[in-house]
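# Summary of structural features
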Amino acid sequence: MRKEKIVIKDFKKLFNFGVVVLIGIGMIIGGISNGAIYSLRLGRFDGSLLISGLGVIITLIFYLVLKVELGGIEIDIENDSISFPGGNIKFNSVGKTLFNFNQEFKRYSTRISAINFIQTQDRRHMNKEGKLSYSYLLNFSTLDGAVTLVFSNSAQRDQVYSIIVNLNDMGFPIQNR
């Protein structure tokens, strides 16, 4: 029996989250080396304690997001499922939206055959100096809600798109688009 499981990871996004975690760890170490523990013992609140506290919060939040993102987008053809990090899901009910308020820290899964609409989109961003950057979006919807997956390159987005379209027989074949 052949198992079909495809995992697509966005290494640029993982690198960026990893850098932020390292910055948070640096803030913790910097705060401790500037006397944060000594300030705690004396019951004082100073800048080193604030830096360490911020470092702990930043490290914890971005570590949890990085942990979810490490799984990438997993397409299990045999079990008809796609698993992805949360963060850009719009649910069709208020209850589900409130229950999933912390969706950046969770992974979600849906059946590929339940996807009834799929679309690609390129988004252009311009910074203050006029430099352009792009993000590549894959939007799909099911009966439960709408999902937007964000990629740093179009090749990975198009790979996920073509797999879903081919598995669901949505429209004419990809090579004719």
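Up top you'll find the structure we're talking about.
These remarks concern the structure in this document. (Residues numbered from 1 in each chain as written. Predicted model: local features only at pLDDT ≥ 70, side-chain atom pairs only at ≥ 80, totals over all residues. Heavy atoms only, no water.)

## What about the overall build of the protein chain?
- Scanning the protein chain from terminus to terminus reveals 5 helices and 8 strands.
- For the protein chain, the sequential pattern of α-helices and β-strands runs β-α-α-α-β-β-β-α-β-β-β-β-α.
- Among the 177 residues that make up the protein chain, the fraction classed as buried is 35%.
- With an accessible surface of roughly 11,300 Å², the protein chain has 61% of that area assigned to carbon and sulfur atoms. (Helix = DSSP H or I, 4+ residues; strand = E, 2+ residues; numbered from the N terminus. Buried < 20%, exposed > 50% of the residue type's maximum accessible area, 1.4 Å probe, protein only. Areas by Shrake-Rupley, 256 points an atom, 1.4 Å probe, with all protein chains shown as cover.)

## Quick notes on the nonpolar core
- Core analysis: the largest hydrophobic core is formed by 22 residues, its most contacted members being Ile73, Ile82, Phe84, Leu149 and Val160.
- Taken together, the elements giving at least two residues each to this core come down to strand 2 (73-76), strand 3 (81-85), strand 4 (89-91), strand 7 (132-141), strand 8 (145-151) and helix 5 (154-168).
- Among the elements that make up this core, the one with the highest residue count is helix 5 (5 residues).
- Ranked by size, the runner-up nonpolar core spans 5 residues in total, among them Leu14, Phe17, Val21 and Leu66. (Core = buried A, V, L, I, M, F, W, Y, C linked by side-chain atoms within 4.5 Å.)

## Concerning the pattern of salt bridges
- One pass over the structure, following the stated rule, counts 4 salt bridges.
- A salt bridge links Lys13 to Glu69; the nearest nitrogen and oxygen atoms lie 3.9 Å apart. Within this pair, whereas Lys13 is found in helix 1 (residues 11-33), its partner Glu69 is found in helix 3 (residues 47-69), the two being separated by 56 residues in sequence.
- You can call Glu69 buried: its relative accessible area is 14%.
- The closest approach of N and O atoms between Asp158 and Arg157, which form a salt bridge, is 2.9 Å.
- The partly exposed category is assigned to Asp158, whose relative accessible area is 33%.
- Put simply, Asp122, Arg157 and Asp158 are held in one network by salt bridges that share partners. (Salt bridge = Lys/Arg side-chain N within 4 Å of Asp/Glu carboxyl O.)

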